[in-house]
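Tertiary structure, described
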Protein chains: 2
Amino acid sequence: MTPPRRAEGLVVGVDVGGTKVLAAEVDDRARVLATATRSTPGRRVELGLLEGALTEAVEEVADGRPVAAVGLAAAGFVDRAGERVMFAPHLPWRGEAVRARLAERWGTTVVLDNDANCAARAEVAHGEAAGVPEAVVVTLGTGIGGAVVLGGRVHRGRNGMAGEFGHMQVVPDGLPCECGSRGCWEQYSSGNALARFARERIGRERTSLAALCGGVPERLVGPMVTEAAEQGDAVALQAFASVGDWLGVGIANLVAALDPDVVVVGGGVSSAGDLLLEPARAALTRSLVGASHRRVPPVRLARFGPEAGVVGAAVMAREGR
Amino acid sequence: MTPPRRAEGLVVGVDVGGTKVLAAEVDDRARVLATATRSTPGRRVELGLLEGALTEAVEEVADGRPVAAVGLAAAGFVDRAGERVMFAPHLPWRGEAVRARLAERWGTTVVLDNDANCAARAEVAHGEAAGVPEAVVVTLGTGIGGAVVLGGRVHRGRNGMAGEFGHMQVVPDGLPCECGSRGCWEQYSSGNALARFARERIGRERTSLAALCGGVPERLVGPMVTEAAEQGDAVALQAFASVGDWLGVGIANLVAALDPDVVVVGGGVSSAGDLLLEPARAALTRSLVGASHRRVPPVRLARFGPEAGVVGAAVMAREGR
């Protein structure tokens, strides 16, 4: 096996999400220097549409300059070798050899991993998991993604599917999940869980939460709950207390299994900061086995927000693996 | 750091359990050549009593020959450095620097780890986790112990407490656990869980289960349930179906997080073989996220039974770490 070659020059990270493609020029200090966005064409379209959108975004960022390497962070399962997107609920890729095809199309080095692993790579290289050997990174967005960092590297697993924390079962016969199971952790701790909690409790009173969704609970989404909580809305605060508590319970499970140095929480929901993390820390200390005989790991807010995916993809592209 | 020195000559593994001390001469092909046992003096005794019992057992095995190295498998939390037993529910050690003290007393190399990690080392070196980079080893005894194997080595964690799978919460506000929490996995899948299930359902009929406990449900313990199940007792079979199903649910959680190559199940309860593993495999396939997009890892019966601890302790002593 030849060692990976470190890319010099223009490195572009691309986050291929369910609704949006974000491409960014990222320097070797994790600074985002230029970005371009496209809408994700959807999962039922021809591959050419998606790959055309990616190409446009990369070309817009490159602006005529040669590209040394592109890192792709895909919202889906990527195989262990980093060659294929095996399955992605919101993208048309089904077992496609995405890496090689785009490398040929673009005439440059392309490196591929899933988005949660890329977010973790950003934290390992430049963020809150830097300098520690072992970390658990939990990414709270619509659902829960995550990564296990061991010896300073993201552990990918046999199928490249390690870190699928969101589908660990925490409630027997619990809430149904899109994955087909019931009681998955992300049904209790995620952006969707925040919104569901608030929707079920929103009353007729004129609260900031009611105002944000125009009085129509069905329109409520996670970011509205964050905004309302920051304004002191009681239901929104209860939603964070619940989602944060469940976050800590799930983290305690991961810490029992892995005993990491640090836990890093990122993703859109984490923008609420201590509203989310304080109840999580309390639940971790309450739930963790042997808490009085061990150092309970700190639960830190991720350094990188919505740009975690592109930064991590660029880190990966620069490292060549 | 000097590399560990491989021990040549007589190597003794010692399993320091809650009720029994087992010492064994183990050769480099994992064969147990001689054994000695002592009762564990209990947790409220002077340290000298326990360490005297260990010394006697090692001396009996050595039978006058010089000992090249001793490996200790302790039923408790061992610190990351492998120096101290931090806490052990059934032993008098509380933060004691056991390794160095016994090395001085015995005038030989002593290496220390917890019993579940030692059992995993046995499987990695000579058993069902040999030759694969990543494995999860689940040890079902009175409770659940376990180990995470990465890159062919047992992952010990920041506090040396990785692999405490038994205290991952699987039922919110579930059954109370000795650890102080509720709903821990080992309350639903372990020797204790087997016995509880059977105790709660044993009727007045003359079943083999009733005969084994002399008609007194309070006397039921896990091994009686195994024996009754092997005789076809309906309640005992139901107990294994339940404990096996919960085993698979918990394994699915670990596989979602770690995506290992193989899962190995050992410990006393595993002597029931497929009675336990078949329902576990079914639950794993049912519960595991993306099962149709991945290779579901095989769930294998451990090679080593009650001798897993001494064999693993000897492997560790021979490797010098």
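Quick note: structure is the one above.
In what follows, the accompanying structure is described. All of these numbers come straight from a predicted model, not from anything done at the bench.

Cut-offs used in this document
- Per chain, the residues get numbers from 1 upward, laid out in the order the sequence is written.
- All chains are assigned letters beginning at A, and all ligands numbers beginning at 1, according to the order in which they are written.
- Restriction of local features to residues with pLDDT of at least 70 applies here, the model being predicted, together with a cutoff of 80 or more for giving and counting side-chain atom pairs; totals for whole chains, interfaces and linings are based on all residues.
- Helix and strand definitions here come from DSSP, where helices need a minimum of 4 consecutive H or I residues and strands a minimum of 2 consecutive E residues; each element is numbered from the N-terminal end.
- One less than the number of residues in a helix, times 1.5 Å, gives the span that helix is expected to have.
- Burial is judged by counting other C-beta atoms within 10 Å of a residue's own C-beta: 20 or more means buried, 12 or fewer means exposed, and anything between counts as partly exposed, with every C-beta placed from the backbone.
- Contact between two residues is assigned whenever their backbone-derived C-beta positions fall within 7 Å.
- Strand pairing follows a simple DSSP-based rule, namely that at least 2 bridges must link the two strands.
- Between the N-to-C directions of two axes lies an angle of 0 to 180 degrees, each axis being a line fitted to C-alpha atoms and, for a helix, fitted only over the stretch in contact.
- Note that the term roughly parallel is reserved for angles under 35 degrees, roughly antiparallel for angles over 145, roughly perpendicular for angles of 65 to 115, and oblique for everything else.
- Residues were grouped as follows: Ala, Val, Leu, Ile, Met, Phe, Trp, Tyr, Cys and Pro as nonpolar; Asp, Glu, Lys and Arg as charged; and all remaining residues, including Gly, as polar.
- In this comparison the copies share one frame, found by least squares on the C-alpha atoms of residues holding pLDDT of at least 70 in both.

1. Focus: helix α8 (residues 274-287) of chain B
One full turn of an α-helix is made of 3.6 residues, so residues set three or four places apart face in the same direction. Residues and elements named next belong to chain B. For α8, spanning 14 residues, the distance from its first C-alpha to its last is 19 Å, which sits close to the expected 20 Å at 1.5 Å a residue. Among the residues of α8, those classed as buried are Leu 275, Leu 276, Leu 277, Ala 280, Ala 283, Leu 284 and Ser 287. The secondary structure elements touched by the buried residues of α8 are α6 (222-230), α7 (234-258), β11 (262-266) and β12 (299-301).

2. Let's talk about unusual backbone geometry
Residues other than glycine seldom take positive phi values, yet Ala30(A) does so here, at roughly 70°. Structurally, Ala30(A) can be placed in the loop between β2 (20-26) and β3 (32-39).

3. Focus: the pairing of strand β8 (residues 135-140) of chain B
Two faces belong to every sheet, and in a regular strand the side chains alternate between them. All names here are of chain B. Burial runs high along β8: six of the six residues are buried. Burial along β8 is two-sided: Ala 135, Val 137 and Thr 139 and Val 136, Val 138 and Leu 140, pointing in opposite directions, are all buried. Looking at chain direction, β8 and strand β9 (residues 144-150) are connected through six bridges and run antiparallel. Considered in β9, the bridge of Ala 135 is made with Val 149. Count of turn residues in the β8/β9 antiparallel hairpin: three residues.

4. So, the sheet that holds strand β12 (residues 299-301) of chain A
Residues and elements named next belong to chain A. Strand order in this open sheet of five strands is β10-β9-β8-β11-β12, and the pairing throughout is mixed. Looking at which strands have only one partner, the edges of the open sheet turn out to be β10 (153-155) and β12. Within this sheet the neighbouring strands show an average axis-to-axis angle of 30°, counted without direction. Strand contacts of helix α3 (residues 115-126): β8 (135-140), β9 (144-150), β10 and β11 (262-266), with the helix running at about 50° to β9, the strand carrying the most contacts.

5. A few points about the packing of helix α3 (residues 115-126) of chain B against helix α9 (residues 308-319) of chain B
In helix packing, the relevant descriptors are the interaxial angle and the interaxial distance, both defined with respect to the helix axes. All names here are of chain B. As a packed pair, α3 and α9 sit with axes 7 Å apart at the nearest point and diverge in direction by 75°. The angle between α3 and α9 falls in the class roughly perpendicular. Across the interface between the two elements, Asp 115, Cys 118, Ala 119, Ala 120, Arg 121, Ala 122 and Ala 125 of α3 pack against Ala 308, Gly 309, Val 311, Gly 312, Ala 313, Val 315 and Met 316 of α9.

6. Some remarks on the interface of chain B and chain A
With 40 residues of chain B at the contact, the number on the chain A side is 40 residues. Every element with two or more residues in the side of chain B that touches chain A is listed here: β6 (85-87), β9 and α7 of chain B. Among the elements that line the side of chain B that touches chain A, the one with the most residues is α7(B), at seven residues. Split into classes, the residues belonging to the side of chain B that touches chain A amount to 22 nonpolar, 11 polar and seven charged.

7. Considering the relation of the copies chain B and chain A
Note on the copies: chain B fits chain A at an RMSD of 0.0 Å, the axial shift is 0.0 Å, and the rotation between them is 180°. What the superposition gives is, in effect, a two-fold axis relating one chain to the other. Here 100% of the contact residues of chain B are again contact residues in chain A; the copies associate through an equivalent surface.

8. Thoughts on α3(A)
Residues and elements named next belong to chain A. Taking 1.5 Å of rise per residue, the 12 residues of α3 would be expected to cover 16 Å, and the 16 Å separating its terminal C-alpha atoms lies within 8% of that figure. Burial within α3 is extensive, with 11 of its 12 residues counted as buried. For α3, the full list of buried residues reads Asp 115, Ala 116, Asn 117, Cys 118, Ala 119, Ala 120, Arg 121, Ala 122, Glu 123, Val 124 and Ala 125.

9. Here we look at the sheet that holds strand β3 (residues 32-39) of chain B
Residue and element names in this part refer to chain B. Spatially, five strands are ordered β3-β2-β1-β4-β7 in an open sheet, and the strand pairing comes out mixed. The two strands at the open ends of the sheet, each matched to only one other strand, are β3 and β7 (109-114). Pairs of neighbouring strands in the sheet enclose a mean axial angle of 20°, with direction left out of account. With six bridges connecting them, strand β4 (residues 69-74) and β7 associate as parallel partners. Bridging from a neighbouring strand, Ala 69 pairs with Thr 109 of β7.

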